[in-house]
Amino acid sequence: MKHRAVATGRVLAAAALLSVPSAATLIIFVAILKLNMMAAILGQAAIMVLTAMLVRPYLASLGAVTSWSRALAAGYDSTPPPIEREAPVAEIVGAISQLRRAWQARQRELAESARWNETLFDNLPDPLILLGEDRRIVRVNGAAQAVFGHAITGRDIAVVLRDPSVLEATDEVLIGAQSREAEFTLPVPVERTFRVRVERLGSRAVDDTVAILALHDLTTVKRIEQMRADFVANASHELRTPLATLLGFIETLRGPARDDAEARERFLAIMYDQASRMSRLVNDLLSLSRIELNEHSQPNQTVDLGRIIESGIAAMQPLAKAKDMDIRAHLDPAARMVTGQADELAQLVQNLLDNAVKYGRDETAVDVRVTLAETLPAAAGSALKLGFTVRFAVQDRGEGIGKEHLPRLTERFYRVDTARSRKLGGTGLGLAIVKHIVNRHRGVLAVDSTLGEGSTFAVYLPAAGDV
Ligand SMILES: Nc1ncnc2c1ncn2[C@@H]1O[C@H](COP(=O)(O)OP(=O)(O)OP(=O)(O)O)[C@@H](O)[C@H]1O
Ligand SMILES: [Mg+2]
């Protein structure tokens, strides 16, 4: 009711305004041409009524367009008011509709780009934490959730990451520094070391983020650093021991034992053993680094593994005979050929046979089996396919290896019983070499051992195409 009154008032006001020129004309007519005053008033009234009838629909559609654009501005996406095409405001409605479509398209683009940024943030591999001014966590990505858990949003960073150096770096950035770095270690569930970079953002984000913590996992780098340091320490220790023995004997031969022919013979034999040991160690280190250097390129020769095994067994016979051991070969003729590199495979066979004879009990048998693999181990990569994989296994009857040692067996210089291995002339590099040769061939090494009964070392290799 009130709307209509206001609308009528507006119509009358507009009609009055638009009929001012006609009123002026009538007044002039009355003054000059002596037009009857009554007729002039009636005429003016008729003109006003006519004008009001003309502007009424125009004002009504203008009002509808105004409320529609107000609704759009307030965020309600309503459809345009029903305006006839030939109505005077139809052009304005068309222009606003065009604006509305362009604005909707832009909104869709923005939403899409926000979604994409969110996906990118969530899937970045390094953990990221967004912080507000009050040190509270505003958002975290998937990698950060994997490290710190899901329910950390809204918490003070000090509760989640208790490291003093990280908190100091964070506080400095929050009070104005541009960026700071720190390093911290998470002890559980497995020890991990991270480098964290705290960076102040250029301007405050809509979600109140003012700083970002970007974490980078240094665990692997640290582990490799540690392994390298251990390796250098082990290698020099292994070389220094025989070298010290040699120097000791040389001193003795130059001094007290100078004229003792019998002692000289004995010492020279020991010196020969020690020098051979050093030479073996250097050779092993060299072949290890050579294999490692080529590990990225899979060898592709067709190699007769059966023949390599036969000659490996023949070379091992003197040692086996000395321990009254029997090496029995079971070679499936259908599984002789593999894809690989002959010298490396000969070294692999040699190292496994050497261990079996060395660690097998006297008067027992060593069984060497070559077959097409009936199953593939879980660790098999894509290069191994069932039906096209050769399994070469060496089974001994020795003391066996405790479960706790199995994961570390192929580390360089790792020995279950260092004194025993050293006494037997071992350098602790044999299985490390085997492991790297197997890796280069894209194969798998599987160890199965029972304490007191013996061990089986099985190598799975890709069969050559024409098996
Ligand atoms: N068949 C086996 N039975 C029992 N223990 C074994 C067997 N093979 C290897 N080991 C254990 O694993 C350790 C590592 O073997 P690896 O062949 O790498 O070194 P090594 O035999 O001591 O020395 P190298 O092979 O360099 O002469 C050995 O010291 C030994 O303790
Ligand atoms: Mg060995």
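Residues numbered from 1 in each chain as written. Chains lettered and ligands numbered in written order. Predicted model: local features only at pLDDT ≥ 70, side-chain atom pairs only at ≥ 80, totals over all residues. Heavy atoms only, no water.

Novice: In this structure, what is going on with the overall build of the protein? I would like to understand it.
Specialist: Helix and strand counts for the protein come out as 13 helices and 12 strands. Relative to its length of 467 residues, the protein is extended, with a C-alpha radius of gyration of 45 Å against a globular reference of 23 Å. When the backbone C-alpha atoms are referred to their principal axes, the protein occupies close to 165 × 60 × 35 Å. For the protein, buried positions account for 36% of its 467 residues. A separation threshold of at least 6 residues defines the contact pool for the protein, and within that pool the share at least 24 residues apart is 62%. With an accessible surface of roughly 27700 Å², the protein has 58% of that area assigned to carbon and sulfur atoms. (Helix = DSSP H or I, 4+ residues; strand = E, 2+ residues; numbered from the N terminus. Rg over C-alpha atoms; globule rule 2.2 N^0.38 Å. Buried < 20%, exposed > 50% of the residue type's maximum accessible area, 1.4 Å probe, protein only. Contact = heavy atoms within 4.5 Å. Areas by Shrake-Rupley, 256 points an atom, 1.4 Å probe, with all protein chains shown as cover.)

Novice: Please clarify how a nonpolar patch on the surface should be interpreted in this entry.
Specialist: Where nonpolar side chains cluster on the molecular surface, the patch consists of Ile28, Phe29, Ile32, Leu33 and Leu35 and spans about 480 Å² of accessible area. Looking at the element boundaries, Ile28 is found in helix H2 (residues 20–32). What makes Ile28 partly exposed here is its relative accessible area of 46%. (Patch = residues over 30% accessible without salt bridge, like charges linked within 9 Å, V, L, I, M, F, W, Y side chains within 5 Å. Salt bridge = Lys/Arg side-chain N within 4 Å of Asp/Glu carboxyl O.)

Novice: Would you explain the layout of surface pockets in this entry?
Specialist: Over the atoms a probe the size of a water molecule is rolled, and this reveals where empty space is left. Considered as a void within the structure, the largest pocket measures approximately 1000 Å³ in volume. Contributing to the lining of the largest pocket are 43 residues, with Asp354, Asn355, Lys358, Tyr359 and Gly426 lying nearest its centre. Only helix H9 (261–293), helix H10 (305–322), helix H11 (342–359), helix H12 (418–423), helix H13 (430–440) and strand E12 (454–462) provide two or more residues apiece to the lining of the largest pocket. The element that contributes the greatest number of residues to the lining of the largest pocket is H11, accounting for 9 residues. Grouping the amino acids of the lining of the largest pocket by side-chain chemistry returns 17 nonpolar, 15 polar and 11 charged. Each of domain 3 (229–293) and domain 4 (299–462) gives at least three residues to the lining of the largest pocket. Forming the boundary of the second largest pocket are 18 residues, of which Met227, Thr410, Glu411, Arg412 and His436 lie nearest the centre. Considering each element in turn, the lining of the second largest pocket owes the most residues, 6 residues, to helix H8 (residues 219–254). When residues are assigned to domains, the lining of the second largest pocket turns out to be shared by domain 3 (229–293) and domain 4 (299–462), each giving three or more. (1 Å grid on protein atoms, 1.4 Å probe; cavity = no way out; pocket = protein on both sides within 12 Å on 5 of 7 lines; lining within 4 Å. Points joined across faces, edges and corners; volume = space filled by probe spheres on them. Nonpolar A, V, L, I, M, F, W, Y, C, P; charged D, E, K, R; others polar. Domains from an automatic or database assignment.)

Novice: Would you mind going over the domain arrangement of the protein with me for this structure?
Specialist: Size of an interface: often given as the accessible area lost when the parts come together. When the domains of the protein are assigned, the result is domain 1 (2–98), domain 2 (124–217), domain 3 (229–293) and domain 4 (299–462). For domain 1 versus domain 2, the distance between C-alpha centres works out to 64 Å.

Novice: So what exactly am I meant to see when it comes to the site of ligand 1 here?
Specialist: Asn355, Asp396, Ser421, Thr427 and Leu431 are the nearest of the 19 residues found near ligand 1. Here Asn355 contributes a side-chain N or O atom positioned 2.9 Å from an oxygen atom of ligand 1. At 3.2 Å, a side-chain N or O of Lys358 approaches an oxygen atom of ligand 1. Contact with the protein chains covers 94% of the free accessible surface of ligand 1, which is 580 Å². Given that more than half its atoms are within 2 Å of the pocket grid, ligand 1 belongs to the largest pocket. Contributing elements (two or more residues each) for the shell around ligand 1: H11, H13 and E12. Tallying contributions element by element places H11 first for the shell around ligand 1, with 3 residues. (Near = heavy atom within 4 Å. Polar contact = N/O pair within 3.5 Å; in protein donor to acceptor, adjacent residues only side chain to side chain. Sits in = over half its atoms within 2 Å of the grid points.)

Novice: Sorry, what's going on with the nonpolar core here?
Specialist: Nonpolar side chains in soluble globular proteins tend to end up buried together. The biggest cluster of nonpolar side chains holds 45 residues, and the ones touching the most others in it are Leu305, Leu348, Leu352 and Phe392. Sorting the residues of this core by element identifies H9, H10, H11, strand E9 (365–372), strand E10 (389–395), H13 and E12 as the ones contributing at least two each. A per-element tally of this core places H11 first, with 7 residues. Each of domain 3 (229–293) and domain 4 (299–462) contributes no fewer than three residues to this core. The contacts of Phe392, once residues within four sequence positions are left out, are Leu305, Ile309, Leu348, Val349, Leu352, Val368, Arg369, Val370, Phe457, Ala458 and Val459. (Core = buried A, V, L, I, M, F, W, Y, C linked by side-chain atoms within 4.5 Å.)

Novice: Mind showing me how you'd approach the confidence of the model for the protein here?
Specialist: Any segment with low pLDDT has predicted coordinates that should not be analysed in fine detail. Scored by pLDDT, the protein has a mean of 90; 98% of the residues are at 70 or more. Below pLDDT 50 for its whole length, residues 1–5 participates in 0 contacts with residues either more than four positions away or in separate chains. (pLDDT = per-residue confidence, 0-100.)

Novice: I keep staring at the sheet that holds E9 and nothing clicks. Help me out?
Specialist: Adjacent strands of a sheet form backbone hydrogen bonds with each other and so pair up, either parallel or antiparallel. What the 5 strands build is an open sheet, ordered E7-E9-E10-E12-E11; its pairing is mixed. Strand pairing shows two members of the sheet lacking a second neighbour, strand E7 (326–331) and strand E11 (444–450), which therefore form its edges. Each adjacent strand pair in this sheet contributes to an overall mean axis angle of 15°, direction not counted. Its contacts with the sheet put H10 on E7, E9, E10 and E12, and the angle it makes with E7 is roughly 170°. Of the strands in this sheet, E7, E9, E10 and E12 touch H11, which is tilted by about 30° from E10. (Pairing = 2+ DSSP bridges. Axes fitted to C-alpha atoms, helices over the stretch in contact; angles between N-to-C directions.)

Novice: Where do I start with empty space enclosed by the protein in this structure?
Specialist: Under the counting rule described, the total for this entry stands at 1 cavity of 30 Å³ or more. Roughly 30 Å³ of volume is contained in the largest cavity. Surrounding the largest cavity, Leu352, Asn355, Ala356, Val394, Asp396 and Phe457 form its lining. Among the elements that make up the lining of the largest cavity, the one with the highest residue count is H11 (3 residues). Within the lining of the largest cavity, the residues separate by chemical class into 4 nonpolar, 1 polar and 1 charged.

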